[in-house]
Structures are given as C-alpha cells and as structure tokens.
Amino acid sequence: MVESKRHRSRRHVDDTGAALLLVVGVGAVLAMLMSVLVVVSVNGMRQARTDADWNAALAAAYAGIDEYQSHLATDTTYYRFGNPAATFSSSSTVTLPTTPANPAFGVGTSGSWASVSGSGGRAEFRYEVDNSKYPTTGRIRLRATGRVGEATRTVVADLKQQGFLDFLYFSDYEVQDPAVVGIPGASCYTDITKTTLKYSWEGRPVGTACNEIAFGDADTQEGPVHSNDTIRACGTEFAGQVTTGDPRSPFYVRKDSNGATCAAAVFALAGYPAYTGTMPMPATNAELKKETRTDLTATDVPRPGCLYTGPTQITFTADGKMNVKSPFTKKTRIANAAATSGSEPAECGTISALRSVNGATIAVPENNVIYVQNVPAVTTDVNYWAATSWPSNFTCTTNVGWKLESGSVKSGYPQTTSSSSTTEKPPTTSTYGCRAGDVFIKGSFAGAATVAAENYIFVVGDLKYVDSQEDILGLVGNNAVWVWNPVNAAGNLVDTSQNRRIDAAILSVAHTFQVQNYSIGSSRGTLTINGALAQKYRGVVRRGSAGYAKDYNYDTRFKYMAPPKFLNPTTTTYGVTTWVETAAAFAANGAAR
C-alpha cells in the first residue's frame, strides 16, 4: 500500500512539470505572435500613411493647376510669368512676377513651394509654365508637382482660353445685321440713339420688327452652339451642346422668324439647352494689326506678321504659298503704334511685285497673322496716300469699284468682262471701296495663319485645306465676311456653279457672315463650312430655293488649339483641355528628378 501511494505521488509531480512546460511554450508562442502583430500593425500604419501621402500628393498637383487658373482668371496675360530657370520653361519666354511674388514658381532644393489652402502647410505644390505655343495656338502647358510628406507626383495640363472657337456656331444677336437690312425701330434698342440692340430676353419685340432669324427644320447643327441672345428654333436638330445668354427656362423659344409658334427643336444631349451667360465680343480686330509691329519683338510680338494696305487679293496654292496683289501697300511691317516708320521684309513680298498686276508669290507666313488695313488718312503714316493719288495700273470708279489691269492681265471688283451677262453689278454703292481694307480670298491652303481685314473679307472661291489634320486657318473680318455670289445688271447670277466650301475658323467682329444676293436665282448647292463660325449678327445664306443649303461641321481640333492669334471674347477664362500624370519632376527635397 505504501509503495502504491509513492508511485501516484511521483506521477503527479511529473504531470505538473509537463503542464508548466506547456504553459511556458504557449506563452512564448503567443509573445512571438504578439510581436509579429505589432510589427505588421506598425508597418501597415506606415504603408497606409505612405499611401495616403501618395494620393494626397496627386490632389496637391491638381490644386496647383486650379490655383494657376485662378491667376489667369484675374489676369489673362499671366501666361507671361514663370521661372526662367525651370527646365520645363526652357523654350519659353517667361519672367518671375514681383507684385505679388508667386511661391509656386520655385525650383530646386532651395526653391519655394506654395501651400494648398486648408492643409495647414502639409500639402504643397509648385508649377512650371511652357508658353512657347501660346503665340501660335493659344495653348499654355503647365507642369504641376504636388508634395505631401515624402511623396511627390506631377501632372502636365494643357490650358486654352474659352472663347468663340469652342462652338461650331456663335452669335451675339439672333437678328439680321442692321447695316445690311436697315436700322429697325427704337423699341429694338436699349437707348434712343439706337446704338445698342436689346437681347430678346431684355424685352426686344418678337418677330419681324427687329429682323429676328430662327433656326429651321432643315438646319442640323453638328457641333456645339452658343448665342448671347434667345435662340429660336423650329424642328431643328442640335447634335451637340447648346448654351445661351437667356436666363429663362427652357432656354430657347419655339417660334419662327415671324413670331409664330412652331415644332419643337430636338436636342441630342441631355441637360441642354442650358444657360451659361454672355460672352462679350471685342469691339474691333485692331489687336491683330499689332501683330505686324517690329518694335514689340522683345515682349508681345516676337515674330511679326505681314501688313497689306487697301483692296488686297490673296490666292493660296497647295504648295504652301500664296499670291498677293496689294497695289496700295508701301510697307508690310510698321515700327510703332503710329506707323510713322516701317519696313518691307522679303518674306511679305517685294513692294514692286505686290503692286503689280501679277502680284507677289511668297510662302504663307507660318503661324502668323496677315492683316489688311484701310488706306490710312493720316499723312505721317508710312502707308498714306493722298486722296487724289492712285497706284499704277489701278483705277477707281466712284460708287462702283476698282480695277487692277495692264494689257490682258486684269482683276478687280466688281468683276467685269466683255459680256454684260458675266459682268457683276455691285450689291450696293459701298460694297467695293477703292481704299477699303478688304481682302478677296480663295485657294488651297497649306500652313497655319490668320487672315484679318479692317473692313470686309470676301470668300471668292473654295477655300480648302490641303491637309485637314495639319493645316489651320482663321478669317477675322472687322466688318462682314461675305460669300461672293455676284449677279449682273439684269438680276441674274453671274456664277451658277454648284457648292462652296470654306475650311476655316470664321469671325465677323462687328457684323455678320452672309451670302451675297442670297435671294436671287436658283440654288447654288451646299455651303460647307469645316471649322467654326462666330458673328455679331445672324447672316442669311438662303431664301426659298435660292442661295445655299447649309452643311456646317465643327473642327474638333479647336477644342485644344486655335489659328494663330485668333481673337477671344473680352471676358473669358482658361479651361483645361487635356491632362496626364507623368513621372514626378521633383523629389520631396525639391531636387529635380
């Protein structure tokens, strides 16, 4: 019995020791697991913080782009500023602003960063400006880098002014041009002197009293449309965005030009038409004449364009050249605002050739402006002509028009031939001014240029791109842009050929885009515009079966680029057309990567 108890006691002691070892082992394992969990948790927190910084750095870069846009909204010329030491700005002409300074223009490890508002200084950004394409396409490139903690991320954005080229069709007033159809009654105007028309939404009389025009059921707008006025549409199909300055819902009116109710328009995109406010038009296109000055090469005009004087004929050819006849031209560039001195560079044509009946054949000024001015009346102007003086081979018939001829070589407007059936009768006594800054233009265009006229632009034949992806042309008439459609003294069409095509961005600053003699004769076929059309007043291209049917197509390239120096509204903003993330331009310490 004693032996049995001893045995049981010894076994109990052995069991207790084994249990202790098991407890100790389990505790060690648990401790190791806890250590691993702590390490994983800490590393996870670090990774989460790193991920948060990484995402926040991208947001900071976007904030930099927004902040730069705010500068442009305040000062549309802010594109001139940047840090010339920035690698991204190496091909640009930029200077640092001084009042106030901008910390976002910092570069390098000692350079400054701007803080994202509301971040307490934790999120920062800096940006670099590339304005090298602005003079030719109106585009600014911005490289913005955001920094949060040790994370940096970079975004490159293209910015362009929002303006007339955002639309296939733009108008200030949905009425006919008073200069064409006559000045309507005082009730159409905001003042008794009849200087400023009312918009329809300001209480202008509806219908024919103010010569209103409506879109018809045969009209299809294959692109974005905007009018500062009330849009009237009857069964019209609008394929793109439609916006208006009329703040009244439903933002268009189902009435025709006579004020009668008609079929509803069809709007392909949900949410349109919509109210976006008005876009004021510039008073003149005189800003483009500045582009021919040689005294501004260090600032605003690094590459002056070409200036021509008086009635000027331009014919483009597919080889990238143009033939220019401009008999009043003496100097093709001016050296100051008063034009008291000037020059005649070979790239704009020799003066003797320009004033000859055969004209000067030169290369299209690449990415530049061609401006045609009225014959100056100021005696100190280098292109001045006395009222009784005329160029060689040039004759003027008062209230009719002009001719440039020598022997069998002749040109001029109105067009004259040996037959009365093909001799043009001018639409009015003032259509073809002998000293007016008119340009008569046609041909196959290869290049990038803007042609502007102080008076009228006449499109006297097809005006087509050689390469619709590479070529880009702007037409800016201070007054009307006309599609030439001559009639003879008997009231019959001189030209009965079918169809007319214009590849260009068209702007009539103070008047209209219109077909001459649109109500005479039979159909001229289709008027095709591949580009954009902006005008102060609505123009007519067809009445009944006469004139042209419309085929207007938006050039989508205008969403992100523009013809050289093309005019914008007097009040505008810059929008981002494209943006893409790239490799970070700077490390967290500010060093360039």
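Let me sum up the structure you'll find in this document.

Let's shift gears to the overall build of the protein chain. For the protein chain, the count of helices and strands is 5 helices and 31 strands. Compactness check: the protein chain gives a C-alpha radius of gyration of 34 Å against a globular reference of 25 Å for 593 residues, more than 25% above the reference. Overall, the C-alpha framework of the protein chain stretches about 155 × 60 × 45 Å when taken along its three principal axes. Expressed as a percentage of its 593 residues, the buried residues of the protein chain come to 50%. Long-range pairs, those at least 24 residues apart, make up 66% of the contacts in the protein chain with a sequence separation of at least 6.

A word on the state of the cysteines. Applying the stated criterion across every chain yields a total of 4 disulfides. Disulfide pairing places cysteine 188 opposite cysteine 210 at an S-S distance of 1.9 Å. Its S-S torsion of approximately -90 degrees makes the covalent link between cysteine 188 and cysteine 210 left-handed. Taken as a pair, cysteine 188 in the loop between helix H3 (178-181) and strand S6 (220-221) and cysteine 210 in the loop between H3 and S6 lie far apart in primary sequence, 22 residues in all. Residue classification places cysteine 188 among the buried residues on the basis of a relative accessible area of 1%. Residue class for cysteine 210 comes out buried when judged on its relative accessible area of 1%. Across the disulfide, cysteine 396 is cross-linked to cysteine 434 (sulfur-sulfur distance 1.8 Å). Judged by the sign of its S-S torsion, about 85 degrees, the cystine formed by cysteine 396 and cysteine 434 is right-handed. Here the residue cysteine 396 occupies a position in strand S19 (residues 394-397), and cysteine 434 occupies one in the loop between strand S21 (409-413) and strand S22 (439-445), the gap between them amounting to 38 residues. For cysteine 434, a relative accessible area of 11% corresponds to the buried category.

By the bridge criterion, 7 bridges tie strand S28 (residues 523-538) to strand S30 (residues 546-554) in an arrangement that is parallel. Residue pairing across strands places serine 523 opposite glycine 547, the latter belonging to S30. Bridge count between strand S29 (residues 542-543) and S30: 2 bridges; the pairing is antiparallel. Each bridged residue has a counterpart across the sheet, and for arginine 542 the counterpart in S30 is glycine 547.

Looking now at the environment of alanine 562. Take alanine 562: it is sitting in the loop between S30 and strand S31 (574-582). Separated by 424 residues in the primary sequence, alanine 562 and glycine 138 have C-alpha atoms spaced 6.1 Å apart. Filtering out sequence-adjacent residues up to four positions away, alanine 562 remains in contact with Thr136, Thr137, Leu165 and Ile472.

With that out of the way, let us pick up the sheet that holds strand S10 (residues 266-267). A sheet is described by the order of its strands in space; here 3 strands give the open sequence S6-S8-S10, paired in parallel fashion. What marks the edges here is a single partner per strand, and that holds for S6 and S10.

The next point concerns the nonpolar core. Formed by 82 residues in total, the largest nonpolar core has its most connected members in Tyr308, Ile441, Leu475, Ile502 and Phe513. The element contributing the most residues to this core is strand S27 (residues 500-515), with 8 residues. Formed by 28 residues, the second largest nonpolar core is a distinct cluster that contains Ala61, Phe105, Leu142 and Val148.

Pairs can form between side chains of opposite charge once their charged atoms are near each other. In the structure shown here, the tally under the stated rule is 26 salt bridges. For glutamate 174, the salt bridge goes to arginine 538, with nearest N and O atoms at 2.5 Å. A residue pair is termed long-range when its members are at least 10 positions apart, and glutamate 174 in strand S5 (residues 169-176) and arginine 538 in strand S28 qualify at 364 residues. By relative accessible area, arginine 538 is classed as buried at 3%. A salt bridge links aspartate 246 to arginine 248; the nearest nitrogen and oxygen atoms lie 2.9 Å apart. Under the relative-accessibility criterion, arginine 248 is labelled partly exposed at 40%. Salt bridges linked by common partners bring Asp462, Lys464, Asp495, Arg500 and Arg524 together as one network.

Spatial ordering of the open sheet is given by S19-S20-S21, a layout of 3 strands whose pairing is antiparallel. In the strand order of this sheet, the two ends are held by S19 and S21, each with one partner. The sheet shows a mean angle of 15 degrees between the axes of neighbouring strands, taken without regard to direction. Pairing of strand S20 (residues 401-406) with S21, which is carried by 5 bridges, proceeds in the antiparallel orientation. Bridge pairing in S21 places lysine 403 opposite glycine 412.

Here is what the cut-offs are and how they apply
- Within each chain, residue numbers correspond to sequence positions counted from 1 in written order.
- Local features are withheld for residues below a pLDDT of 70 in this predicted model, meaning they are given only at 70 or higher, and side-chain atom pairs are given and counted only at 80 or more; totals for whole chains, interfaces and linings count all residues.
- Values reported for side chains reflect all heavy atoms of the structure, with hydrogen atoms and water molecules removed beforehand.
- By the criteria applied, helices consist of DSSP H or I runs no shorter than four residues and strands consist of E runs no shorter than two, each listed in order from the N terminus.
- Our radius of gyration is a C-alpha quantity, and the globule rule it is checked against amounts to 2.2 Å times the number of residues to the power 0.38.
- Only protein chains enter the accessibility calculation, which uses a 1.4 Å probe. A residue is then buried if its area is under 20% of the maximum for its type, exposed if over 50%, and partly exposed in between.
- In what follows, residue pairs with any heavy atoms lying within 4.5 Å of each other are defined as contacts.
- Cysteine sulfurs are considered disulfide-paired once they come within 2.5 Å of each other.
- In short, DSSP must find at least two bridges between two strands for them to pair.
- Working definition of a nonpolar core: buried Ala, Val, Leu, Ile, Met, Phe, Trp, Tyr and Cys residues. They are joined through side-chain atoms within 4.5 Å.
- Criterion for a salt bridge: a side-chain nitrogen of Lys or Arg within 4 Å of a carboxyl oxygen of Asp or Glu.
- Axes, fitted as lines to C-alpha atoms, cover a helix only where it is in contact. Angles between the N-to-C directions of the axes lie from 0 to 180 degrees.

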